[in-house]
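Chain and residue survey
Chain by chain, the residues run as shown.
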Amino acid sequence: MWTSWASSSSRRSRRSRASRAPSPAPLSTSRFRFRWAPVLLAPLVLLPAACGDGAVEVPVPHPDAATQRLCEGLRLPAKVHGQSLRDTTPDSQLTAAWGSPAIALRCGVPVPAALRQTSQLVDINGISWFGEPVDRPVTWTAVGRQAYVEVTVPAKYRPAGDVLIELTPAIKSTIPAKPEGQI
């Protein structure tokens, strides 16, 4: 959207410059321009930060070599919950992010410390998800697979299940299930 606005604006200004008479000298003094410049430019400086165009900081997990290979094969969607894929920092094939605030994914994380054989899991299209904290999950981990995949879903994207539904096919097609009964 920003690009198309800038492109059409520059086309209009090129056309109108050719047909316009020279503009009169500016009415303001240099003192006026310098005093107002910070006020006028501040929104332009904040705009990129507000749009969330920068890289998202997502801690990189450190799995073993076999798990890392599985995670590097994960083909994630370009959009999740209507949000576009963003760059992550540090740059890694084991992390991904969408939107602002970011929906963050980390592949190859260790087994969640609170996960037990008796833990309540949510099954979505053949993938079992463990949510933490239990009372209002923010971080979901795909369990019962050869690699654990963690997804952090900010409150803005409720219900979180919609996000997990969109990520499930990529995980299911790339990361094999563990033997029956193993989480």
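Residues numbered from 1 in each chain as written. Predicted model: local features only at pLDDT ≥ 70, side-chain atom pairs only at ≥ 80, totals over all residues. Heavy atoms only, no water.

The name given to the protein in an unreviewed UniProt entry is DUF3515 domain-containing protein, and the organism recorded there is Actinomadura violacea.

All told, the structure shown has one salt bridge when counted by the stated rule. We note a salt bridge from Glu150 to Arg106, for which the minimum N-O separation is 2.8 Å. Taken together, the residues Glu150 in strand E10 (residues 148–152) and Arg106 in strand E6 (residues 103–109) connect sequence positions 44 residues apart. Pair check on accessibility: Glu150 and Arg106 agree, each one buried. (Salt bridge = Lys/Arg side-chain N within 4 Å of Asp/Glu carboxyl O. Helix = DSSP H or I, 4+ residues; strand = E, 2+ residues; numbered from the N terminus. Buried < 20%, exposed > 50% of the residue type's maximum accessible area, 1.4 Å probe, protein only.)

Counted by the stated rule, this structure contains one disulfide. The disulfide that involves Cys71 links it to Cys107, with 2.0 Å between the sulfurs. The chirality of the disulfide connecting Cys71 with Cys107 is left-handed, given an S-S dihedral of about -75 degrees. Of this pair, Cys71 sits in helix H3 (residues 65–72) while Cys107 is found in strand E6, placing the two residues 36 residues apart along the sequence. Each member of the pair Cys71 and Cys107 is classed as buried. (Disulfide = S-S within 2.5 Å.)

With that settled, consider the environment of Gly126. As for its position among the elements, Gly126 is in the loop between strand E7 (122–124) and strand E8 (127–132). Looking at Gly126, the relative accessible area reads 39%, which means it is partly exposed. For the pair formed by Gly126 and Ala177, sequence separation is 51 residues and the distance between their alpha carbons is 9.6 Å. Among all residues touching Gly126, those that are not within four sequence positions of it are Arg145 and Lys172. (Contact = heavy atoms within 4.5 Å.)

This next bit is on the pairing of strand E3 (residues 83–86). Relative to E3, strand E2 (residues 79–80) runs antiparallel, the two being bridged by two bridges. Of the residues in E3, the one forming a bridge with Lys79 is Ser84. Between the antiparallel neighbours E2 and E3 lie two residues, among them His81 with a positive phi of about 55 degrees. Across two bridges, the pairing between E3 and strand E5 (residues 95–98) is antiparallel. (Pairing = 2+ DSSP bridges.)

The subject of this paragraph is the layout of surface pockets. Quantified by volume, the largest pocket comes out at close to 300 Å³. If you trace the largest pocket, you find 18 residues lining it, with Leu76, Ser92, Gln93, Thr95 and Ala96 closest to the centre. If you list the elements that add at least two residues to the lining of the largest pocket, you get H3, E3, E5 and E6. Split into classes, the residues belonging to the lining of the largest pocket amount to nine nonpolar, four polar and five charged. (1 Å grid on protein atoms, 1.4 Å probe; cavity = no way out; pocket = protein on both sides within 12 Å on 5 of 7 lines; lining within 4 Å. Points joined across faces, edges and corners; volume = space filled by probe spheres on them. Nonpolar A, V, L, I, M, F, W, Y, C, P; charged D, E, K, R; others polar.)

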